[in-house]
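Below, each chain spelled out in residue letters.
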Amino acid sequence: MGESNNNGDSQGNYTRSSSLRPAGVLKSTLSGRSTPRASPSFRRLNSSRTPRRDDRFGFSASQLFRSNRVVYWLLLITLWTYGAFYVQSRWAHSNDQEKLIGFGNGEDNELLASEQKSRRELISDEIFLQVKNETNDSLVGNWRHVMHNTSVDFSSKGIVHSLQSLTTRKRTKRAGRVSRGKTQRKQKIVEENRIQNLEVLEEKIPKSNATYGLLVGPFGSIEDSILEWSPEKRTGTCDRNDLFARLVWSRNFVLVLHELSMTGAPLSMLELATELLSCGATVQAVVLSKKGGLMSELARRKIKVLDDKAEHSFKAAMKADLVIAGSAVCSSWIEQYLVHFPPGSNQIAWWIMENRHEYFDRSKLVLNRVKMLIFLSELQLKQWLSWCEEEKIKLNTQTSLIPLSVNDELAFVAGIACSLNTPALNPEKMLEKQRILRNAVRQEMGLSDNDMLVMALSSINAAKGQLLLLESAHLIIEEQTSQTDAGTKIVIGTEQDKSSLAQKLRLRGLLENQARKQTSGGQNLSYKSRLHRKDQRTEHTISINRKETIESVASHADRKIKSVPELHRQNPKILIGSVGSKSNKVLYVKEMLRFLSQHASLSKSVLWTPATTRVASLYSAADVYVINSQGIGETFGRVTIEAMAFGLPVLGTDAGGTKEIVERNVTGLLHPAGKQGNKVLAENLRFLLENPVARREMGARGREKVEKMYLKRHMYKIFFEVLFKCMRIK
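Source: prediction; values computed, not measured. (Residues numbered from 1 in each chain as written. Predicted model: local features only at pLDDT ≥ 70, side-chain atom pairs only at ≥ 80, totals over all residues. Heavy atoms only, no water.)

Attention now moves to the state of the cysteines. A full pass over the atoms with the stated rule returns 1 disulfide. Between the sulfur of C238 and that of C279 lies a disulfide, 2.1 Å long from S to S. Between C238 and C279 the disulfide shows an S-S torsion of about 105°. By sign, it is right-handed. Here C238, found in the loop between α10 (220-227) and α11 (243-248), pairs with C279, found in the loop between α12 (264-278) and β2 (282-287); they are 41 residues apart in sequence, far enough to count as distant. Of the residues examined, C238 reaches a relative accessible area of 17% and is grouped as buried. Relative accessible area serves as the criterion here: at 1%, C279 is assigned to the buried category. (Disulfide = S-S within 2.5 Å. Helix = DSSP H or I, 4+ residues; strand = E, 2+ residues; numbered from the N terminus. Buried < 20%, exposed > 50% of the residue type's maximum accessible area, 1.4 Å probe, protein only.)

With that settled, consider helix α27 (residues 678-690). Its 13 residues place the ends of α27 18 Å apart at the C-alpha level, agreeing with the 18 Å of an ideal helix rising 1.5 Å per residue. Those residues of α27 not exposed but buried are N678, L681, A682, N684, L685, L688 and L689. Take α27 and look down its axis: the buried residues cluster within an arc of 160°, on one side only. Every exposed residue of α27 that faces more than 90 degrees away from the buried side is listed here: K679 and E690. (Expected span 1.5 Å × (residues − 1). Arc of directions from axis to C-beta.)

Let's shift gears to the packing of aromatic side chains. Applying the stated criterion to the full structure yields 17 aromatic pairs. Here the aromatic rings of W351 and F719 are separated by 5.2 Å at their centres, their planes lie at 90°, and the arrangement is edge-to-face. Placement of W351 in strand β5 (residues 348-351) and of F719 in helix α29 (residues 712-726) is noted, with a sequence separation of 368 residues between them. Of the residues examined, F719 reaches a relative accessible area of 1% and is grouped as buried. Seen from their ring centres, F360 and W387 are 5.7 Å apart, and the 45° between their planes marks the pair as tilted. With F360 in helix α16 (residues 357-363) and W387 in helix α17 (residues 378-390), this residue pair connects regions lying 27 residues apart in the sequence. (Phe/Tyr/Trp six-rings, centres within 6.5 Å; stacked < 30°, edge-to-face > 60°.)

Here we come to the sheet that holds β2. Pairing within the open sheet is parallel, and its 7 strands lie in the order β3-β2-β1-β4-β5-β6-β7. Looking at the sheet topology across the chains shown, the edges are occupied by β3 (304-305) and β7 (398-401). Across the sheet, helix α14 (residues 311-319) touches β1 (252-257), β2 and β4 (322-325), and the angle it forms with β1 is around 140°. Its contacts with the sheet put α29 on β4, β5, β6 (372-375) and β7, and the angle it makes with β6 is roughly 165°. (Pairing = 2+ DSSP bridges. Contact = heavy atoms within 4.5 Å. Axes fitted to C-alpha atoms, helices over the stretch in contact; angles between N-to-C directions.)

A few words now on the confidence of the model for the chain. Of all residues in the chain, 62% have pLDDT values of 70 or greater, and the mean over the chain is 75. Across the chain, the element-wise mean pLDDT spans from 39 in helix α6 (residues 143-156) up to 97 in strand β11 (residues 624-627). Counting interchain partners and residues more than four positions distant, the pLDDT-below-50 stretch residues 47-59 has 7 contacts. Note that pLDDT drops below 50 for residues 95-113; the model gives that stretch 28 contacts with residues more than four away or on any other chain. (pLDDT = per-residue confidence, 0-100.)

This paragraph deals with the packing of α12 against α29. At a minimum axis separation of 13 Å, α12 and α29 run at an interaxial angle of 80°. Regarding the angle of α12 to α29, the classification is roughly perpendicular. For the pair α12 and α29, contact is made by E271, L272 and E275 and by K712, Y716 and F719, respectively. Grouping the constituent residues of the contact of α12 with α29 by class yields 3 nonpolar, no polar and 3 charged. (Parallel < 35°, antiparallel > 145°, perpendicular 65-115°, else oblique. Nonpolar A, V, L, I, M, F, W, Y, C, P; charged D, E, K, R; others polar.)

An order of β10-β9-β8-β11-β12-β13 is seen for the 6 strands of this open sheet, with the pairing classed as parallel. Looking at which strands have only one partner, the edges of the open sheet turn out to be β10 (606-610) and β13 (668-671). With direction set aside, neighbouring strand axes in the sheet form an average angle of 25°. By the bridge criterion, 4 bridges tie strand β12 (residues 650-653) to β13 in an arrangement that is parallel. The partner of T653 across the bridge, within β13, is H671. Its contacts with the sheet put α27 on β8 (451-457), β9 (571-579), β11, β12 and β13, and the angle it makes with β13 is roughly 160°.

This paragraph deals with the environment of L420. Inspection of the secondary structure assignment puts L420 in the loop between α18 (408-414) and α19 (427-445). Given the relative accessible area of 12%, L420 is considered buried. It is 6.8 Å that separates the C-alpha atoms of L420 and T237, two residues lying 183 residues apart in sequence. Not counting the four nearest positions on each side in its chain, L420 is found in contact with W229, T237, D408, E409 and F412.

Now for the environment of I324. Locating I324 in the fold gives a position in strand β4. Overall, I324 belongs to the buried group, its relative accessible area being 1%. Setting aside residues up to four positions removed in sequence, I324 forms contacts with F253, V254, L255, V256, M269, L272, A349 and L723.

The next point concerns the pairing of β11. Here β11 shows a buried face lined by V624 and V626 and a second buried face lined by Y625 and I627. Of the strand pairs in this sheet, β8 and β11 are connected by 2 bridges, and their pairing is parallel. From the neighbouring strand, M455 faces β11, where its bridge partner is Y625. Of the strand pairs in this sheet, β11 and β12 are connected by 3 bridges, and their pairing is parallel.

Here we come to the side chain of S363. Mapped onto the elements, S363 comes out in helix α16. When sequence neighbours within four positions are dropped, the list of residues in contact with S363 reads A328, S331, W350 and W384.

Attention shifts here to the nonpolar core. Counting residues in each nonpolar core, the largest one holds 92 residues, and the members touching the most others are L255, W351, M445 and Y619. Beyond its immediate chain neighbours, meaning those up to four positions away, M445 contacts L214, V216, F219, L453, L575, L607, L618 and A621. Ranked by size, the runner-up nonpolar core spans 35 residues in total, among them L467, V579, L593 and L689. (Core = buried A, V, L, I, M, F, W, Y, C linked by side-chain atoms within 4.5 Å.)

A few words on the pattern of salt bridges. All told, the structure shown has 21 salt bridges when counted by the stated rule. One salt bridge in this structure joins K433 and E228, with 3.9 Å as the shortest N-O distance. Separated by 205 residues along the polypeptide, K433 in helix α19 and E228 in the loop between α10 and α11 bring together distant segments of the chain. Relative accessible area serves as the criterion here: at 56%, E228 is assigned to the exposed category. K675 serves as the salt-bridge partner of E471, at 2.9 Å between the closest nitrogen and oxygen. With E471 in helix α20 (residues 466-518) and K675 in the loop between β13 and α27, this pair connects stretches of sequence that are 204 residues apart. Judged by relative accessible area, E471 falls into the buried class, the value being 16%. (Salt bridge = Lys/Arg side-chain N within 4 Å of Asp/Glu carboxyl O.)

And the structure:
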């Protein structure tokens, strides 16, 4: 009993002391080895559910929740506020306000996306600062009071009113911008419809032999089978050790193309993009007009084309190391880009490839707003400078000259050493394959060894002068026809002389036979003597007539040699391209077809070929190339150096960049532009027609000039210097 009471007292004392004694005293009193393991005190002290542990952790967790509850509520209010503002801003900015979270017209929102995003971020930052300040106040004062004030302020009028005031300030300006954007889009649609209507005109001319007479090519399949190589198999032509490759590696370029026709400027920009990609650069293309047939070629070469030529292209240009515009037509895009981003003028290189005053007129306002102006020839640069002086424009922009070059694909087929050569396909081997290709293509065209194929590849319009070429060819063919008729008459007269001589010889044989029959042993001497004298006179007469006849035939033969070429003379054949090009002028094509319909003899000598990038087979089959550009002449003439690379003599106008390339009587012949040049062009054609040796010599000299001046390595050596001046070297 005593023990039990003591235990009870000790247990009761423990219970009372736990509420009065400090924790340290309790621990020191009840802890230690003297406490029996079976005692209730020991079990309660070592239990996991002791009051000490429960007080320590349970009280601190609830206190932590109560102390951070304000933060949780303010965070929730902030998120709710941002969501409400987001819905309200969409409501205010949407064109279709029936949809609370709708985006309205996609095109309008695309134009204002960046502006709306920046405005939302600005206002959300202001709201966040407001809530943050209230949070700081709540940490000092009563948090319940702050919660009440904050909820009332948000629910009543504070934040909503501020949002409405911020969104309504610029509503008038935004509406004006949207209306102007819609007007510009309508004008753009009208312009695109007008361009499409013009493009449909070319489709009215059927691409068939019934329209053009004889339509040949393209010969891509023949090229692939004979050369055992095609451009699709190329893996890049960049020389990684070259300075150009080191400069452009890992750089970002934006190239602006005015169209995708198979003409000089788009093809040059296409090859530049290919070279940049093969050297490790990033290339994006902005195409202002997608008419033409080069879109598939861009896709094959993995050149990225930006879908938008306004907003997206401007953003890409802002991030680029350099923007290269490849035509004077790009002036409108350059002007819009500089309005959008004025500092971008220091990163634009403008490669102008036109040389007509109409292109200068549309470009003159932007000439001084780019980093550098690049021209193709010295005469083109002088011409543009003279136009600037006439318009009283002081040109402060740097200028440079970058002549075009023969790409590696054509140089490879022409047998010129380039980056595509391999031990199995060296230049000597490619020359042999080119001769086989020439024979195969000419056979496909229906040409013989006596036909001299005169080729002119370009867009068909008055500036290229194809109709004048046909008029010059008509003069030669008419002259040949008249000479052939005269030669036929001479041959007929010669045959008549030969027949009269045969009759006289046959008469002599008859007289001799008659004399033998009449002669007998009983005839007297007087008769024999008379017959002998008669035979002598007949023989003398026949000999005289034979001599006269031979002299007459010889004189006729001399006249025939002087008036008619020899039996193996060359016949002119004219090959005109490019049929179906989007740059062709339909009315001009119809005028050419009308001219051919009026001259049947010329029509039989004219061939047509469609627009194509596979031109190596055409150059291989040709004998002479004609560049008959009118006006102030060709800007440079990319086709001129390509023809020279294949060993063709060039007949060109004495104007523009052509006379910088073609040396008179060395690599070709020159003639004046216009109608007055028709007779000179006809004489030059006749000279090459009658002198195959001179033709081959001029072609060989032209090929040597290309190897010295107009290969790819020559152009990109100059390009390196220009890019080094234009790019922002980091």
